[in-house]
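# A structural walkthrough
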Amino acid sequence: MSSFLFLIPFVAAFAIIFGSPARLTARAAAVATFLLGLYAAATWSNSGMWSFTFSALTIPSIDMAFGFINGTSAVMVALAVTVLLAAVFSGQSPEGREKLYYASSLFIGAGAIGAFVSTDLFFFYAFHELALIPTFLMIGLLGRGNRKETAWKITIYLGVGSLVLLAGLVWLAREAGTYNILAMLEAKKAGTLAIEAGTQKSIAALLIVGFGILVSLFPFHSWAAPAYASAPAPTAMLHAGVLKKFGLYGLLQLAVPLLPEGMNAWLTPLLVLLLGNILWVGLVTISQKRLDSMLGHSSVMHMGYIFLALAAVVASNAAGKTNEFGIPAATVLMFAHGISIAMLFGLADRIEQRTKSLDFSDLGGLAKPAPLLAFLFGMAGMASLGLPGLANFSGEVMVFLAGFEGREASAPLGPVQIATILSLWGVVISAVYVLRGFRKTFQGPTVSATASVADLTLVEKIPAVLLAAALLIVGIYPRILLQLLS
Amino acid sequence: MPAYYLEALTVTFGILLLVAEAFVPGKQKTWVGLAAIGFLLVVLAMTFIAIGPDKDPEAKAWTKFALWDLYKFDATAKFYKILALASAILVLILAIDYRAILSRYTGETNDENGTAEYYSLIVIATAAMMWMASAKNLAMLFVSLELLTITFYILVAFMKRNVGSLEAGVKYLILGALSTGFLVYGMAWTYGATQSLSFDAITIAASTDAPSAPMLFGVALMIIALGFKVGAAPMHFWIPDVYQGAPTPTTAFLSVGSKASGFVALMAVMAPYAASPHAHKLFSVLAILACITLVVGNFGAIPQNNFKRLLAYSSIANAGFLLLAVAANRDGATSLSSPQLVGFYLASYLIMTMAAFFVLSLIRVQTGSENIDALDGLSRRNPILAVAITVIMASLAGVPLTVGFIGKFFVFRAAMEAGMVVSVVIAAITAAAGFYYYFKILRAVWWNAPNDKAPLEIKSSSLFTLSLGLLTVAILVFGLWPQPIMNLIK
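These figures come from a predicted structure and were not determined experimentally.

## Examining the overall build of chain A
- Helix and strand content of chain A: 20 helices and two strands.
- Computed over its C-alpha atoms, the radius of gyration of chain A comes to 21 Å, within 12% of the 23 Å expected for a compact globule of 486 residues.
- Taking the principal axes of the C-alpha coordinates as reference, chain A spans close to 70 × 60 × 40 Å.
- Expressed as a percentage of its 486 residues, the buried residues of chain A come to 63%.

As structure tokens, then:
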């Protein structure tokens, strides 16, 4: 049944290609997907209702199996449908390219939702690839600045990442003897899935590098900021907000539970890399001269925290304990980051449309002519630096709690604890760049480009208010997500 | 109905079509092509009800002519016959659409005289491919392969007033003759070593005791010869030139039908050695050839600016994947047998390559050019065709949810099962290079500004448009649900 979820945007995208009115179809499909998606996520534990299996091939057995693996899938679907709805209401299609513009957004949304509801490894992978192609097209065709070069760069980067990932997944499936993710997880729980440590280590390496490239793990992150800077608004929102989470989701659902020893073998290198994301990329973010590339870098930086939550789970598993905070922390933070970064990219696009530039030197004083824009942007910015009361805060607090989970007071600090303490500095770094970015854009005297801009129109308010509401609700009442996970 | 009727009927009909060339007036020649399509469809339907000697051993013809020594009709033979018929039908549809260009270069006037001859040659070549799928004996294999090759000499050089076509014909003739020489010489050595031409007898000779040096020499020569036919590097040099010069329908047929037959022959020749003590070494030779072919094909395609030449290199690259599939089958290590694996790959290759040649032919007929820049800005001139090209190129590159991905996926999987890690790494790198050159076409379609702003209307026949549409849809449907193809192979 949940297959309907990705079928709606998928069918709507084809309808647009074959002549259905682009904007109307896309918006109607996104609203329908949003409603059905939230309903599916809220009722996912009512098992059977949302799962669906269709045998694509018997030998080797590959099923088109859909359903939720666990609560994390439900949260990711909720994220995907929310951002998809916001994305089709954001941005402005260039004259005459409406078909491409709206169909691509729907394809990206369909691919992301499809990946999150697949319970078969083959289609899990395939849907993500499906979503990448319209991403490349949108950047290459309708992007800004150096779009063609950027599009080639991410095509090659993500293409290589996907191939490495495919090798890892096929190897994993071969060791497990099935492509069915649920069967793998059950076999692991029952103790019948025993992969020897050396093999685990190799598969884990492939998965960390493959998924890592897709998530922009340091040092594979250099594609991300230019890509988001030149992508059209809906593409940046959908990719940074939703599609990029695919890599983290894959690590969380496959590598962490199925390859505990393999992941633990790479724990220290992983911690070093994620500190690279948080500290190194964080410092790079501070020195950005453009709003869009600042946002792009900040999205790379925040991936580090989610990796930290994964690392905490891996370390606890290796010590034979369960980490109560780790998986909820990663899930809530993925959701919160997805919403806040989508909101920031959406609003940055509105700023650019008004001022024709996102260079800090051309901006300033926007809060005076456009107070609502400034308020909403500020809210999303504050969310991303972890202000209490907004969604990211609960995620980040849980990450830090997860880092110290199960540690005895007398024991010396382990690598995860050291990384957690160091990564706390990331909060300071993000405060610096968010506040600096906000000041340069919205405060101070107005300049010629910003003196007479209009505030958000009614249509422009829809996506921003929707995402702001999601940030507030989860911020004040995180249980709404956490109860899905229990 | 005994299975051998299929080929007998097909070749008879081919000869009848040749006679029709003399009596049907020029402007009515299209009917000959349509008749050929209709007839091949009938044969295709008959393939499903035909029975082989195992089902009906008492039938007179089987015993009277000792046909069982020469002819088999198992699931694999049936599948490759279906493949040959399907590709011939599609090539005929292409050829009917291409007839204006064919007749421009064949006669003094554009009266379409001679085109029926072209259709009839396609039908005769199909019969040869079908025979080859049933060969149980080296002599049978050789005769059908020669029938195929000689037909192709004519098909390649068919546009006799076109220098490119003639040049391609001469190149193909010389290299084809050379490879035939290798093949016959290899067969002679094999016969000398085993005293038999039958594959069954060779299997026994190869597995009971260690194959003698003459026997290995024989099979090595045959690998070289068949390497020419399938376009394996370093025996691939003829492919880009011949593909570029030959009329587009011939190129499509060469690239799909002839390649499939080459692989049928290669698998038939290699199968007797699968259980021999030297299997590992022999199949490693194929793996090495596969790696060289993958590198040459994929990296050679990168600088190409001509769409047809790019497809030629793509065909070399695909031969590399197919060789890898054959090589992975040593010691029965894979869960799918190599005829199944190769069969699936060839079926997927047929669908997407035929679709690509349909697009090429369409562009050639309507813009007069075969260069990639003829596709510039197509997304604004004909968006639906642009979407179709996107699907086709995505499938050739091996993007998931297309049939091309599933074919490649099976090959990778089989090679992993056989423990050929180095080959898999090389194949993965070259597949990544494939993304680059297939997407070059998409770049032209979507990114480049059109040279000509006017919308490009498809002026082809509805049969042609329908076939292209069906092939494109098939890429997506079989990408999600490959079971129907698998059912045919089993």
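## Brief notes about the overall build of chain B
- Helix and strand counts for chain B stand at 20 helices and zero strands.
- Counting the 490 residues in chain B, one finds 59% classified as buried.
- Counting only contacts in chain B whose residues sit at least 6 apart along the sequence, the fraction spanning at least 24 positions is 80%.

## Thoughts on the domain arrangement of chain A
Residue and element names in this part refer to chain A.
- By domain assignment, chain A separates into domain 1 (1–263) and domain 2 (266–486).
- Domain 1 and domain 2 are separated by 21 Å when their C-alpha centres are compared.
- Counting residues per element, the ones that place at least two in the side of domain 1 that touches domain 2 are α3 (71–89), α8 (197–215), α9 (224–230), α10 (233–243), α11 (245–258) and α12 (260–265).
- For the side of domain 1 that touches domain 2, the element with the most residues is α3, which contributes 11 residues.
- When the residues that make up the side of domain 1 that touches domain 2 are grouped by side-chain class, the tally is 32 nonpolar, nine polar and one charged.

## With respect to the nonpolar core
All names here are of chain A.
- Core analysis: the largest hydrophobic core is formed by 390 residues, its most contacted members being V77 and A309.
- Here this core spans two domains, since at least three of its residues come from each of domain 1 (1–263) and domain 2 (266–486).
- Setting aside chain neighbours within four positions, we find A309 in contact with G326, A329, A330, L333, V399 and A402.

## So, the packing of helix α5 (residues 115–133) of chain B against helix α11 (residues 248–270) of chain B
Residues and elements named next belong to chain B.
- Direction vectors running N to C along α5 and α11 enclose 20 degrees, while the axes themselves pass 9 Å from each other. Taken together, α5 and α11 sit at an angle that is classed as roughly parallel. Between α5 and α11 the crossing geometry is left-handed. Across the interface between the two elements, I122, A125, M129, M132 and A133 from α5 touch F253, G257, S261, V264 and A265 from α11.
- Its residues assigned to classes, the contact of α5 with α11 shows eight nonpolar, two polar and no charged.

## A closer look at the interface of chain B and chain A
- Counting residues at the interface gives 21 residues for chain B, matched by 24 residues for chain A.
- Considered class by class, the residues forming the side of chain B that touches chain A number 18 nonpolar, two polar and one charged.

## Let's talk about the environment of B:F409
Residue and element names in this part refer to chain B.
- Here F409 is to be found in helix α17 (residues 403–417).
- Here F409 falls in the buried class, since 20 other C-beta atoms lie within 10 Å of it.
- Along the backbone, F409 and G398 are 11 residues apart, and their C-alpha atoms lie at a distance of 8.6 Å.

## Concerning the confidence of the model for chain A
- On average, residues of chain A score 86 in pLDDT, and 96% of them reach the 70 mark or higher.
- In the model of chain A, strand β1 (residues 52–57) of chain A stands out as the element of lowest mean pLDDT, 67, in contrast to helix α13 (residues 267–286) of chain A, which has the highest, 92.

## Section: helix α16 (residues 383–397) of chain B
Residue and element names in this part refer to chain B.
- Taking 1.5 Å per residue, 15 residues should reach 21 Å; α16 reaches 21 Å between its end C-alpha atoms and fits that length.
- The buried fraction of α16 is high, at 12 of 15 residues.
- All buried positions along α16 are accounted for by L385, A386, A388, I389, T390, V391, I392, M393, A394, S395, L396 and A397.
- A positive phi of about 95 degrees marks G398, the residue just after α16.

## Side note on helix α9 (residues 213–230) of chain B
Residue and element names in this part refer to chain B.
- For α9, built from 18 residues, the straight-helix expectation of 26 Å at 1.5 Å per residue is met to within 8% by its first-to-last C-alpha distance of 25 Å.
- Counting buried residues along α9, 13 of its 18 residues qualify, which places the element largely inside the surrounding structure.
- At the exit of α9 stands G231, carrying a positive phi of roughly 80 degrees.

## Quick look at the confidence of the model for chain B
- With 95% of its residues at a pLDDT of 70 or more, chain B shows a mean pLDDT of 88.
- Per-residue pLDDT, averaged within each element of chain B, yields its smallest value for helix α3 (residues 60–64) of chain B (62) and its largest for helix α6 (residues 138–156) of chain B (94).

Calculation notes
- Residues numbered from 1 in each chain as written.
- Chains lettered and ligands numbered in written order.
- Predicted model: local features only at pLDDT ≥ 70, side-chain atom pairs only at ≥ 80, totals over all residues.
- Helix = DSSP H or I, 4+ residues; strand = E, 2+ residues; numbered from the N terminus.
- Rg over C-alpha atoms; globule rule 2.2 N^0.38 Å.
- Buried ≥ 20, exposed ≤ 12 C-beta atoms within 10 Å, placed from the backbone.
- Contact = placed C-beta atoms within 7 Å.
- Domains from an automatic or database assignment.
- Nonpolar A, V, L, I, M, F, W, Y, C, P; charged D, E, K, R; others polar.
- Core = buried A, V, L, I, M, F, W, Y, C linked by C-beta atoms within 7 Å.
- Axes fitted to C-alpha atoms, helices over the stretch in contact; angles between N-to-C directions.
- Parallel < 35°, antiparallel > 145°, perpendicular 65-115°, else oblique.
- Left-handed = near helix turned anticlockwise from the far one by under 90°.
- pLDDT = per-residue confidence, 0-100.
- Expected span 1.5 Å × (residues − 1).

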